[in-house]
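Structural characterization, general
One letter stands for each residue in the lines below.
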Amino acid sequence: MTISNTFPKLWLTLVAIFLFVSLQKVSSSHLLYEEFSNLSPPVIDKTLLPSYHFRPPRNWINDPNGPFFYKGIYHLFYQYNPYGSVWGNIVWAHSVSTDLINWYAVDPAIYPSKPFDIYGCWSGSATVLPGGKPAILYTGIVDNFKTQVQNIAFPANLSDPLLREWIKPDYNPVIASDPSINAVQFRDPTTAWLHPGNKHWNIVIGSTREVGQRGVAVLYRSKDFVNWTKAKHPLHSSKGTGMWECPDFFPVAVGERQGRDTSATGRGVKHVLKVSLDRTRFEYYTLGTYYPARDRYLPDQASVDGSEGLRYDYGNFYASKTFFDPAKRRRVLTGWANESDSVADDVSKGWAGVILIPRELWLDENGRQLLQWPVEEFDRLRRNHISVANQVVNPDTFFRVNGIDTAQADVEVTFEISSLEKAEDFDPSYEGDAQAYCAKNTADVKGEVGPFGLYVLADSTLRERTAVFFKVFKHQRKHVVLFCHDPTRSTKRENIFKPTFAGFVDVDIESTKTISLRSLIDHSVVESFGAGGKTCITSRVYPSLAVGRDARLFVFNNGAVDVKVSELNAWEIRTPLMNRQI
Ligand code: DQQ
C-alpha cells in the first residue's frame with residue numbers, strides 16, 4: 001500500500017474520531033463545530049462537486065453577500081471559511097464576472113481584523129452611491145460573539161474595476177444596537193434606498209422581539225451614509241416568525257419584466273419584502289406597498305405574512321439577496337443551497353455549499369406572485385442538444401432520454417394532460433401544505449392525473465433517481481397543481497437527509513391542459529422551475545450509482561391517464577470558468 005493510498009483513509013478515521021468527540025455549539029443560525037472549522041482534507045473529493053454552480057474550489061460557503069454591477073463587472077461576495085468545510089472563520093470572499101456565469105476569484109474583500117469585526121464579518125449588502133461609488137454595509141461580530149454591530153467598507157481604489165481592496169474606516173461601527181434591540185439578533189443590513197421625500201438613505205436590519213416572537217425589519221436612515229439614526233418604528237414586523245435574517249426590500253415593476261432600481265417608488269411599482277426565517281431555515285416574501293410618508297411597508301391583504309407565505313424556492317434555498325443590474329435593467333436573485341449530507345461527509349469531501357444560478361426575477365402579470373428564470377447568459381453553456389416531440393407516456397410507464405450526458409444538464413419539457421376528468425379530490429387537510437402532501441405521496445404512489453415528470457440523476461436500473469413531478473387535483477370545482485421534488489430514492493447511501501419539497505403552482509390548467517418544467521442538473525444539485533418560474537424547487541442529492549457518465553434522465557408517468565411530452569429539449573452544460581484566482 002502506498003502512502004498516498006493510506007493518507008486519505010487515515011484522514012477519514014481521524015475525522016470520525018473527532019466527530020465522535022465533537023461538541024457542537026450554535027452560533028447565530030449556524031452550527032459551530034469548533035474542531036472542524038480549521039480542518040481541510042489533503043485531497044478534495046470532487047465526485048459530486050457541482051460543475052457550473054458557483055463555488056470556490058474548496059471549503060465551506062454560505063450566504064451570497066452584496067452583489068452589484070460596477071464598470072462592466074458583476075461583483076459577488078459570499079460567506080466563506082478559508083480553512084475548512086464547516087461553518088466558521090467567516091470572511092467575505094470576493095468573485096468577479098462579466099456574465100454572472102464565468103467567475104474569477106480575487107482576494108477576500110472583508111475579513112476580521114478590527115475591534116468592530118474581530119469575531120466575524122457576517123452578511124450584508126452593497127449600495128452603489130450616486131456618482132457610482134459602491135459601499136458595503138455588513139454585520140461585525142464583537143464582544144466574544146455576544147454583540148452584532150453594523151460596519152461600512154469602501155473600495156480603496158475606484159479606478160480598479162475589480163475593486164480588489166476594501167477599506168473599513170476606523171469610525172466603525174456605524175450602527176450599534178440600542179437597549180430596545182437584542183444585540184445578538186441584529187444583523188444583515190439591506191441595500192439602501194433613497195427616500196423619495198427627504199432624500200435620506202434608508203436600510204433595514206433583521207432582528208426579533210421576544211414578545212410574540214416577532215420578526216422585525218428595523219429601519220435606519222442617514223443623510224450621508226455614515227451617520228445612521230434608528231427610525232421610531234420598524235419598516236415592518238410580523239408576529240410569530242422569529243429572527244429575520246437577510247431581509248431584502250425592493251421594488252418590482254407592475255405589468256413589465258424590466259427591473260427597477262432599489263430606490264424606485266410610487267406609481268407603477270409594488271414592493272417586495274423577503275426574510276429568511278432562522279427558525280425554519282426557509283424564506284418567505286410578501287408583495288405590498290411602501291408608504292414613504294409613514295416609513296412603512298404594508299403587505300397586500302392577499303399576501304400571507306408568515307412562514308406559510310410565498311417562497312422564491314420551496315426547497316433548499318436560503319439567505320438570498322437581489323440586486324438591480326443596470327446593464328440589462330433587470331433584478332437578479334442569488335441564493336445559497338446548503339448540503340444535506342452529514343457534517344462528517346462535508347469534512348471528508350472538503351467542500352460544502354453552492355450559490356444557485358442567478359435568476360432574473362419579476363412580478364407575474366396576475367400581480368399575485370413573483371416569477372423567476374435563470375439569467376439568459378446561462379444558456380451560453382448549453383451544448384449537444386437533443387429533443388423529443390409528441391411522445392405519449394402511458395400510465396405506469398417511463399422512457400429514457402438518450403443521446404447526451406445528463407449529470408450536468410439543462411432540460412426543458414412541456415407536458416400535455418389528456419384529461420382532467422379523473423383528477424382526484426384534494427384532501428383539504430393538506431391545504432397550504434404542499435410539502436406534507438408530497439412527503440406522504442411520493443413519486444412512487446400511483447395517482448390519477450400524475451404523478452408525472454422527470455427522473456433525474458437516475459442510474460440505468462432506476463435504483464437511484466430523484467423525481468421531479470406534477471400532480472393535478474380537483475378542489476372546490478377548480479383544479480390544483482402540485483409540484484414536488486422527491487429525493488427519497490436519490491441514493492443508496494445511508495445517513496443522507498432526503499427531504500421532499502413541494503409547492504402549489506398557480507396556473508389555469510383547465511384551459512391550457514399543459515404545464516412546463518425546466519430542471520438544471522449539476523451532479524448534486526437539482527434546481528427546477530415549474531410553469532415558467534412560478535414555483536421553483538432546489539434539492540441537494542448524493543447519488544452513488546448515478547454519477548458522472550452513469551447518470552441518466554427519464555420521463556415517467558405514475559398516474560392513470562396519458563400524458564404527452566409535447567416537447568422536450570435537453571442540453572449538456574459546459575463547465576464555465578469557476579473561480580480561478582486572479
Ligand atoms: N449567515 C450569516 C448571518 C446570517 C446567516 C453568518 C444566514 O449574517 O444571518 O454566516 O445564513
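Residues numbered from 1 in each chain as written. Predicted model: local features only at pLDDT ≥ 70, side-chain atom pairs only at ≥ 80, totals over all residues. Heavy atoms only, no water.

To continue, consider the nonpolar core. Core analysis: the biggest nonpolar cluster contains 44 residues, and Phe-415, Phe-470, Ile-515, Val-555 and Leu-568 have the highest contact counts within it. Residues within four places of Val-555 in sequence aside, it is in contact with Val-393, Thr-397, Phe-398, Phe-399, Val-401, Phe-415, Gly-453, Leu-454, Val-565 and Leu-568. (Core = buried A, V, L, I, M, F, W, Y, C linked by side-chain atoms within 4.5 Å. Buried < 20%, exposed > 50% of the residue type's maximum accessible area, 1.4 Å probe, protein only. Contact = heavy atoms within 4.5 Å.)

So, about the environment of Thr-262. Considering the arrangement of structural elements, one finds Thr-262 in the loop between β17 (244–253) and β18 (269–277). Classification of Thr-262 by relative accessible area gives buried; the value is 10%. Expressed as a C-alpha distance, the spacing of Thr-262 and Pro-115, which sit 147 residues apart in the sequence, is 32 Å. For Thr-262, the residues in contact, after removing those within four places along its chain, are Thr-191, Ala-192, Trp-193, Phe-249, Pro-251, Phe-324 and Arg-331. A polar contact of 2.9 Å, which involves the side chain of Thr-262, links it to the side chain of Arg-331. (Helix = DSSP H or I, 4+ residues; strand = E, 2+ residues; numbered from the N terminus. Polar contact = N/O pair within 3.5 Å; in protein donor to acceptor, adjacent residues only side chain to side chain.)

This next bit is on the pattern of salt bridges. According to the stated counting rule, one finds 37 salt bridges in the structure shown. In this structure, Glu-256 and Arg-260 form a salt bridge, with 2.9 Å as the shortest nitrogen-oxygen distance. Two residues, Asp-300 and Lys-270, come together in a salt bridge whose shortest N-O distance is 3.3 Å. With Asp-300 in the loop between β20 (296–299) and β21 (318–325) and Lys-270 in strand β18, the pair connects residues that are 30 residues apart, well separated along the chain. Of the residues examined, Lys-270 reaches a relative accessible area of 17% and is grouped as buried. Ionic contacts of the salt-bridge type, sharing partners, join the residues Asp-325, Lys-328, Arg-330, Glu-376 and Glu-377 into one network. (Salt bridge = Lys/Arg side-chain N within 4 Å of Asp/Glu carboxyl O.)

On to the sheet that holds strand β3 (residues 59–70). In sheet architecture, strand pairing relies on hydrogen bonds along the backbone and comes in two forms, parallel and antiparallel. Spatially, β23-β3-β4-β5-β6-β40 is the arrangement adopted by the 6 strands of the open sheet, whose pairing is mixed. This sheet does not close on itself; its edge strands, each paired only once, are β23 (351–352) and β40 (578–581). Alignment of β3 against β23, held across 2 bridges, turns out to be parallel. Each residue of the ladder has a partner; that of Asn-59, found in β23, is Trp-351. (Pairing = 2+ DSSP bridges.)

Attention shifts here to the layout of surface pockets. By volume, the largest pocket amounts to about 1,300 Å³. Along its surface, the largest pocket is lined by 40 residues, and Leu-310, Gly-432, Phe-504, Val-505 and Asp-506 are the ones closest to its centre. Counting residues per element, the ones that place at least two in the lining of the largest pocket are β19 (282–291), β26 (370–374), α3 (434–440), β33 (478–486) and β34 (501–505). Considering only residue class, the lining of the largest pocket consists of 16 nonpolar, 13 polar and 11 charged. Both domain 1 (9–33 + 59–374) and domain 2 (385–580) contribute no fewer than three residues apiece to the lining of the largest pocket. In this model, the second largest pocket occupies a volume close to 680 Å³. Surrounding the second largest pocket, 27 residues form its lining, Arg-281, Trp-336, Asn-338, Glu-339 and Ser-340 being those nearest its centre. Of all the elements in the fold, those that place two or more residues in the lining of the second largest pocket are β2 (30–33) and α2 (343–349). Looking at the lining of the second largest pocket, the element that brings in the most residues is β2, giving 3 residues. When its residues are assigned to classes, the lining of the second largest pocket shows 13 nonpolar, 10 polar and 4 charged. (1 Å grid on protein atoms, 1.4 Å probe; cavity = no way out; pocket = protein on both sides within 12 Å on 5 of 7 lines; lining within 4 Å. Points joined across faces, edges and corners; volume = space filled by probe spheres on them. Nonpolar A, V, L, I, M, F, W, Y, C, P; charged D, E, K, R; others polar. Domains from an automatic or database assignment.)

A few words now on the site of the ligand. Taken together, 15 residues lie near the ligand, and His-30, Asp-63, Gln-79, Arg-187 and Asp-188 sit nearest. Note that a nitrogen atom of the ligand is positioned 2.8 Å from one of the side-chain N or O atoms of Asp-63. One of the side-chain nitrogen or oxygen atoms of Asp-188 is found 2.6 Å away from an oxygen atom of the ligand. Mapped by element, the contributors of at least two residues to the shell around the ligand are β3, β7 (121–128) and β21. Taken together, the residues of the shell around the ligand sort by class into 5 nonpolar, 5 polar and 5 charged. (Near = heavy atom within 4 Å.)

Before going further, it helps to spend a moment on the confidence of the model for the protein. The predicted model of the protein has a mean per-residue pLDDT of 94, with 95% of residues at 70 or higher. A low-confidence stretch, residues 1–7 stays under pLDDT 50, and its non-local contacts, those more than four residues away or across chains, total 3 contacts. With pLDDT under 50 throughout, residues 19–23 is counted as low confidence; its partners more than four residues away or in other chains account for 9 contacts. (pLDDT = per-residue confidence, 0-100.)

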